[in-house]
Amino acid sequence: MSGFSVTEPSKRQKWISGLLVISYALITIMPLLWIIGTGFKSPEDAISYPPKVIFEPSLEGYVNLFTTRTRITASMEGNLPPPDTWYEQIARNSGTIISGPSRYGQRFLNSVIIGFGSTFLAIFFGTLAAYAFSRFKIPIKDDLLFFILSTRMMPPIAVAIPMFLMFRQLGLNDTHLGMILLYTAVNLSLSVWLLKGFIDEIPFEYEEAALIDGYSRFQAFYKVVLPQAATGIASTAIFCLIFAWNEYAFAVLLTSGDAQTAPPFIPTIIGVGGKDWPAVAAGATIFLIPVMIFTILLRKHLLRGITFGAVRK
Amino acid sequence: MSSNPIDKIARATPPSIAKHVRGFSDRTIAWLFVGPSIVLLLAVNIFPLIWTINLSFTNFRANRSRDVEYIGLQNYERILTDSDTWQSMQATAHFLFWTIFFQVLIGFALAYLINKKFKGNDLWTTIIVLPMMLSPAVVGNFWTFLYQPQIGLFNYVVEFFSGVDASSFSMIGSVNLAPWSIVIVDTWMWTPFVMLICLAGLRSIPDSIYEAAECDRASKWRQFWTLTIPMVLPFLMLAVLFRGIENFKMFDLVVQLTGGGPGSITTLTSIDLKREAFEKWRTGYASAYAVILFVTVFGLASIYVKALNKVKER
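Owing to the predicted nature of the structure, the values given are computational and were not obtained by experimental measurement. (Residues numbered from 1 in each chain as written. Chains lettered and ligands numbered in written order. Predicted model: local features only at pLDDT ≥ 70, side-chain atom pairs only at ≥ 80, totals over all residues.)

## What to know about the overall build of chain A
Part 1 of the argument: A tally of regular secondary structure across chain A gives 15 helices and 2 strands.
Part 2 of the argument: Against the globule reference of 20 Å for 313 residues, chain A gives a C-alpha radius of gyration of 26 Å, more extended than a compact globule.
Part 3 of the argument: Taken along the three principal axes of its C-alpha coordinates, chain A extends 85 × 70 × 40 Å.
Part 4 of the argument: For chain A, with 313 residues in total, the buried portion stands at 50%. (Helix = DSSP H or I, 4+ residues; strand = E, 2+ residues; numbered from the N terminus. Rg over C-alpha atoms; globule rule 2.2 N^0.38 Å. Buried ≥ 20, exposed ≤ 12 C-beta atoms within 10 Å, placed from the backbone.)

## Brief notes about the overall build of chain B
Part 1 of the argument: For chain B, the count of helices and strands is 13 helices and 0 strands.
Part 2 of the argument: The secondary structure elements of chain B, listed N-terminal to C-terminal, are α-α-α-α-α-α-α-α-α-α-α-α-α.
Part 3 of the argument: Taking 2.2 N^0.38 as the reference for a compact globule, 314 residues should give roughly 20 Å; the C-alpha atoms of chain B span a radius of gyration of 24 Å, well beyond that estimate.
Part 4 of the argument: Within chain B, the fraction of its 314 residues that count as buried is 40%.
Part 5 of the argument: For chain B, restricting intrachain contacts to residue pairs at least 6 apart in sequence, the fraction spanning at least 24 positions comes to 70%. (Contact = placed C-beta atoms within 7 Å.)

## A short note on the domain arrangement of chain A
By a widely used convention, the size of an interface equals the accessible area lost when the partners come together.
Part 1 of the argument: Assigned domains within chain A: domain 1 (55-102) and domain 2 (105-268).
Part 2 of the argument: Look at where the C-alpha atoms of domain 1 of chain A and domain 2 of chain A centre, and you get two points 43 Å apart. (Domains from an automatic or database assignment.)

## Description of the packing of helix 5 (residues 104-135) of chain A against helix 11 (residues 230-246) of chain A
Helices that pack against each other are described as a pair by the angle of their axes relative to one another and the distance between those axes.
All names here are of chain A.
Part 1 of the argument: One can describe the packing of helix 5 onto helix 11 by two numbers: an axis separation of 9 Å at closest approach and a directional angle of 140°. Between helix 5 and helix 11, the crossing angle belongs to the class labelled oblique. The hand of the helix 5/helix 11 crossing is right-handed. Residue-level inspection shows S111, I114, G115, S118, T119, A122, I123 and T127 of helix 5 in contact with helix 11, the latter providing I233, T236, A237, C240, L241, A244 and W245.
Part 2 of the argument: Each residue belonging to the contact of helix 5 with helix 11 can be placed in one class, and the counts come to 9 nonpolar, 6 polar and no charged. (Axes fitted to C-alpha atoms, helices over the stretch in contact; angles between N-to-C directions. Parallel < 35°, antiparallel > 145°, perpendicular 65-115°, else oblique. Left-handed = near helix turned anticlockwise from the far one by under 90°. Nonpolar A, V, L, I, M, F, W, Y, C, P; charged D, E, K, R; others polar.)

## Remarks on the environment of S83 of chain B
Residues and elements named next belong to chain B.
Part 1 of the argument: Its location among the elements puts S83 in helix 4 (residues 83-114).
Part 2 of the argument: A residue is classified by how many C-beta atoms lie within 10 Å of it, and S83, with 7 of them, is exposed.
Part 3 of the argument: Spatially, the C-alpha atoms of S83 and L196 are 39 Å apart, while their sequence positions differ by 113 residues.

## Considering the interface of chain B and chain A
Part 1 of the argument: The interface is formed by 93 residues belonging to chain B together with 98 residues belonging to chain A.
Part 2 of the argument: At 15 residues, the largest contribution of residues to the side of chain B that touches chain A is made by helix 2 (residues 26-55) of chain B.
Part 3 of the argument: When the residues that make up the side of chain B that touches chain A are grouped by side-chain class, the tally is 63 nonpolar, 18 polar and 12 charged.

## Describing the nonpolar core
Nonpolar side chains tend to gather and get buried jointly when the protein is soluble and globular.
Part 1 of the argument: Core analysis: the largest hydrophobic core is formed by 167 residues, its most contacted members being A160 of chain A together with F142, I197 and C198 of chain B.
Part 2 of the argument: Residue contributions to this core reach at least three from each of two domains, namely domain 1 (55-102) and domain 2 (105-268) of chain A. (Core = buried A, V, L, I, M, F, W, Y, C linked by C-beta atoms within 7 Å.)

## Some remarks on the confidence of the model for chain B
All names here are of chain B.
Part 1 of the argument: In the predicted model, chain B carries a mean pLDDT of 88, and 93% of its residues have values of at least 70.
Part 2 of the argument: Segment residues 1-21: pLDDT under 50, and 35 contacts once partners within four positions in sequence are set aside and those in other chains are kept.
Part 3 of the argument: Predicted complex metrics record ipTM = 0.90 and pTM = 0.89. (pLDDT = per-residue confidence, 0-100.)

## Describing the packing of helix 12 (residues 269-278) of chain B against helix 13 (residues 283-313) of chain B
All names here are of chain B.
Part 1 of the argument: Contact pair helix 12 / helix 13: the axes reach a minimum separation of 8 Å and the direction vectors enclose 160°. Between helix 12 and helix 13, the angle is such that the two are roughly antiparallel. As for the relative orientation of helix 12 and helix 13, their crossing is left-handed in sense. Between helix 12, through T269, L273, E276 and A277, and helix 13, the contact on the second element is made entirely by T283, Y285, A286, Y289, A290 and L293.

## Remarks on the environment of A290 of chain B
Residue and element names in this part refer to chain B.
Part 1 of the argument: With respect to the helices, strands and loops of the structure, A290 is situated in helix 13.
Part 2 of the argument: For A290, a count of 29 C-beta atoms within 10 Å translates into the label buried.
Part 3 of the argument: Between the C-alpha atoms of A290 and L49, which are 241 residues apart in sequence, the distance is 9.4 Å.

## Here we look at unusual backbone geometry
Part 1 of the argument: Cis geometry marks the peptide bond from Y49 of chain A to P50 of chain A; its omega dihedral reads -5°.
Part 2 of the argument: Along the chain, the position of P50 of chain A falls in the loop between helix 2 (43-46) and helix 3 (60-66).
Part 3 of the argument: In this structure, P262 of chain B follows G261 of chain B across a cis peptide bond, with omega equal to -5°.
Part 4 of the argument: The phi dihedral of I140 of chain A is positive, around 45°, even though this residue is not glycine.

## Digging into helix 7 (residues 153-162) of chain B
Part 1 of the argument: If you check which residues of helix 7 of chain B are buried, you get L153, F154 and N155 of chain B.
Part 2 of the argument: Contacts made by the buried residues of helix 7 of chain B are with helix 1 (11-39) of chain A together with helix 6 (136-146) of chain B.
Part 3 of the argument: Remark: G163 of chain B follows helix 7 of chain B within two positions and exhibits a positive phi of approximately 85°.

Put into structure tokens, the structure is as follows:
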């Protein structure tokens, strides 16, 4: 037994476990690196055999992602003015001209609007409810909390059937407002449960002191509790945002045009003649990178977020 | 584990010091604060649920405006005697069993290794966790590219290591392989989830217990089976509960990967339900289907939570 403690793993144990974990990490990250890499490949490189690890980087995927193009026909040739932008040049090189912007930007913007809108509302209502659940005696509190959680057990498709009918009645199908309300409701269970955990951890004494000093409940809430819960609120918000960002089932069933978010749209990207994998990968990269960054920022609260606060480190 | 959801619900709340406060009474504030959330959840969850139950007794079709007739339990009868339903149940069971099996196995192993506290384990843990946080639909869609015969990375790697010709098999095109193609991607995505929960479990075991066992000259092997496993078990069971519920609802990843095919070999219940509701527009029938699924998942989860609590009490 080496070292000071019987429970401290030996050097060799550390070495071997490190090696195994790093190998797994490298394998598991491959598909993600492949998405990012494919975005910078030319269409020919993307479908070469054997798959190319080293390739000449190209922005064609990104140009194709953001534009719609038409093929240059024989009659057009010679009549075309010289390309005036770098992206026009890239399109010309593959025998096409840019005819307009694609819908990707719009879909991405929808994701941003619906994601932030629903997160804001879920956090706003969630914080209020969580504070009340944490600090007040509420009759049937346990039942209410369980009811809030149980709403997450429904398969989304099952909820989507009446939502579709209800939205159709109210004219909310394929609108930002409809999707924001829906995602707010779905995220509320997460935000109430997580935030209640965070607020439970704030000692009651602080508020007590404030109340004795003559603060009202409201003042104690926003001057004492809210600042203390700021980290918790921020990480809960990121979890809600990621959920709304990634959601697909409701989005594909309840939106089709104006309010369609990126997840249902990205798989439908096709190029001129066949699936344009570099463009799909480019679209996926832009869409996934923010979540990767958030995940890294969130790593301390990750476990808590994914288990609704059931497990805390 | 400070608590699981059930414990948390039961946790006592701090005493109220209501008397002194100016303005609204605590009671009013409590309902003011909780009210909006409850109303929203009622509107978006409970009202639709009741509507669904109501529709499940009718022959309503959302794409037609003919008179709706109540047909009693006919929808339920038809669903439960339909072989397609049972086939999708079977596909779901296969998917559930194997994804949970692999995720528990690999997830626990990884957590065990990470808990050896080698240098830089935080960084590598974060990297391993990444796939879990990403959009299943977008990632699933890209996996169809990795699974392409000939040009796909996955097939190439298989060829590289096993010598099987990369263009000789298609993970998502073959009836035999497709059920495994979805298991692989789901395992890739969600193993970190089980890993994180197991890691929390392993870290919750105090060193002193191992030190005591060491004094009693218990072998490492014995320590593992009589200390580590029982103490991680409640965590592991919680992870299985979460994965079970999530994968029972599975839709986005599989729809993008295989679309339920080839044939209907990977048509999970959610995909089957979606077809009935939004392609065949048999709204009444689909509503009954949804009710059956909800009752199933709710029932199974309740039984499981009871078992989980028993394990924790031990």
